[in-house]
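Observations on the three-dimensional arrangement
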Amino acid sequence: MANLLGGIATSHIPAIGVAMDKGLEETPYWKDFFDAYPPVRDWLYTQEPDIAIIFYNDHGLEFFHDRKPTFAIGASELYENADEGWGIAEIPPVTGETELSWHIVNHLIEHDFDITVCQEMKVDHGLTVPLTLMWPGHKYGHIKVIPVAINCERHPMPKPSRCYAFGQAIGDAVRSFAGDQKVVVMGTGGLSHQLDGQRAGYINKPFDLYCMDKIVNEPELLTQFSNYELVEKAGAQGVELNMWLAMRGALENEGALKELHRSYHLPISNTGAGLQLLATDSAR
Ligand code: DHB
Ligand code: FE
């Protein structure tokens, strides 16, 4: 049985990748933000996960508005990045995984999640910025990644409760996999932000802190929101909370979780940037 070590939720703002490429981590604007990451990196270093399942949203690199799967999962040996216009430097490819990935795909179909399976896909900042944050210098080649893209750009989007249930099904699939791999789940994006329109620049700190409080042990208080309510409370792109909920859903059947780390910085670029580490019993 593969073993779930825990979950990490983190912002994926493209400017973070640019700041790391340019070595700006110690500058006044960035210092507090980056100072929050070493405890999570240390946990990863100690726990040595073999596989990372990463819930992210593709902002238009692989799936533009003309073809937007609700849920897509990668089953490839390798994932390339490409220039999306945010000025992030060219980065090494992401190592893929196929055995657990196909096991998850089969489990999902059996449990009524009819996903899109991608044997080839490009991955955008939603996936690569968090990987670079966890393993600076783009030293993430050793970890096998299963990208799971959730539509967060084009309405209609899957509901928060559905994203949670989707994550839960993936967690169950991991536990039913006949291997001894150690698996970490990640949810990227959020928290509140709106990049354009009349409310551009909108951030809701009290709501972000509420989400970080409740996601630990009362996620049902968050999954009851509609996407419309999330947009109201957290801005048009605040629906990226759904990736955090999918990550938390994957840990639903793991019993009580321990929050090992939390930080929140405001604003980073246009966004309330959160970081949170939730460990299962096996990885405290
Ligand atoms: C920003 C945030 C995002 O989640 C994103 O995908 C792109 C940009 C920002 O705050 O700049
Ligand atoms: Fe985003």
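As named in an unreviewed UniProt entry, the protein is Protocatechuate 4,5-dioxygenase beta subunit, taken from Marinomonas communis.

What to know about the coordination of the iron ion (ligand 2)
Taken together, the protein ligands of the iron ion (ligand 2) are His12 (NE2), His59 (NE2) and Glu240 (OE), with distances of 2.1 to 2.3 Å. Each donor residue of the iron ion (ligand 2) lies on the same chain, and together they follow the pattern H-x46-H-x180-E. Of this pair, histidine 59 sits in the loop between β2 (51-56) and β3 (71-74) while glutamate 240 sits in the loop between α9 (227-234) and α10 (241-250), placing them 181 residues apart in sequence. Histidine 59 gets classed as partly exposed once you look at its relative accessible area, which sits at 29%.

A word on helix α3 (residues 38-47)
For α3, the complete set of buried residues consists of Val40, Arg41, Trp43, Leu44 and Gln47. In an axial view of α3, the angular spread of the buried residues amounts to 155°, which keeps them on one side of the axis. Exposed side chains of α3 directed beyond 90 degrees from the buried face belong to Tyr45 and Thr46. At its buried positions, α3 is contacted by β1 (3-10), α1 (14-21), α5 (125-134), β8 (182-188), β9 (258-268) and β10 (271-279). At the exit of α3 stands glutamate 48, carrying a positive phi of roughly 50°.

Some remarks on the nonpolar core
Ranked by size, the top nonpolar core spans 51 residues in total, and within it Ile53, Phe55, Ile104 and Phe166 carry the most contacts. Residues contacting phenylalanine 166, with those up to four places away along its chain left out, are Phe55, Phe71, Leu108, Phe113, Ile115, Val148 and Ile150. One finds Met20, Ala52, Ala72 and Leu127 within the second-largest nonpolar core, a separate group that totals 45 residues.

Some words on the sheet that holds strand β7 (residues 144-150)
Here 8 strands make up an open sheet; going across it, the order is β6-β3-β7-β2-β8-β1-β10-β9 and the pairing mixed. Each edge of the open sheet carries a strand with a single partner, namely β6 (116-118) and β9. Strand-to-strand twist across the sheet, computed as the mean angle between neighbouring axes with direction ignored, equals 15°. In terms of strand pairing, β3 meets β6 through 3 bridges, oriented parallel. In the strand pairing of β6, isoleucine 73 is matched with valine 117.

A few points about the layout of surface pockets
Taken as a whole, the largest pocket encloses approximately 480 Å³ of empty space. If you go around the largest pocket, you meet 31 residues; those closest to its centre are His59, Trp86, Leu195, Gln237 and Glu240. For the lining of the largest pocket, the element with the most residues is α1, which contributes 3 residues. Residue composition of the lining of the largest pocket, grouped by class: 12 nonpolar, 14 polar and 5 charged. Volume-wise, the second largest pocket comes out at about 220 Å³. Lining the second largest pocket, in full, are Arg41, Leu44, Tyr45, Glu48, Pro49, Asp50, Met134, Trp135, Pro136, Lys139, His142 and Ile143. With 3 residues, the single largest contributor to the lining of the second largest pocket is α3. Looking at the lining of the second largest pocket residue by residue, the classes come out as 7 nonpolar, 1 polar and 4 charged.

Quick look at the packing of aromatic side chains
Summed over all chains, the structure comprises 11 aromatic pairs. Relative to phenylalanine 34, the ring of phenylalanine 33 has its centre 5.0 Å away and its plane inclined at 80°; by these criteria the two rings are edge-to-face. Of the residues examined, phenylalanine 34 reaches a relative accessible area of 5% and is grouped as buried. Three or more aromatic residues joined by ring pairs form one cluster here, namely Tyr29, Trp30, Phe33, Phe34 and Tyr37.

Some details on the pattern of salt bridges
Summed over the entire model, instances satisfying the criterion amount to 10 salt bridges. Its salt-bridge partner being lysine 31, residue glutamate 26 comes within 3.7 Å of it at the nearest N-O pair. Looking at glutamate 26, the relative accessible area reads 57%, which means it is exposed. Arginine 262 serves as the salt-bridge partner of glutamate 259, at 2.6 Å between the closest nitrogen and oxygen. We classify glutamate 259 as partly exposed; its relative accessible area is 28%. It is possible to trace a salt-bridge network through shared partners that takes in Glu26, Lys31 and Asp35.

Calculation criteria
Residues numbered from 1 in each chain as written. Chains lettered and ligands numbered in written order. Predicted model: local features only at pLDDT ≥ 70, side-chain atom pairs only at ≥ 80, totals over all residues. Heavy atoms only, no water. Donors = N, O, S within 2.8 Å, 3.2 Å for Na, K, Ca; no water. Helix = DSSP H or I, 4+ residues; strand = E, 2+ residues; numbered from the N terminus. Buried < 20%, exposed > 50% of the residue type's maximum accessible area, 1.4 Å probe, protein only. Arc of directions from axis to C-beta. Contact = heavy atoms within 4.5 Å. Core = buried A, V, L, I, M, F, W, Y, C linked by side-chain atoms within 4.5 Å. Pairing = 2+ DSSP bridges. Axes fitted to C-alpha atoms, helices over the stretch in contact; angles between N-to-C directions. 1 Å grid on protein atoms, 1.4 Å probe; cavity = no way out; pocket = protein on both sides within 12 Å on 5 of 7 lines; lining within 4 Å. Points joined across faces, edges and corners; volume = space filled by probe spheres on them. Nonpolar A, V, L, I, M, F, W, Y, C, P; charged D, E, K, R; others polar. Phe/Tyr/Trp six-rings, centres within 6.5 Å; stacked < 30°, edge-to-face > 60°. Salt bridge = Lys/Arg side-chain N within 4 Å of Asp/Glu carboxyl O.

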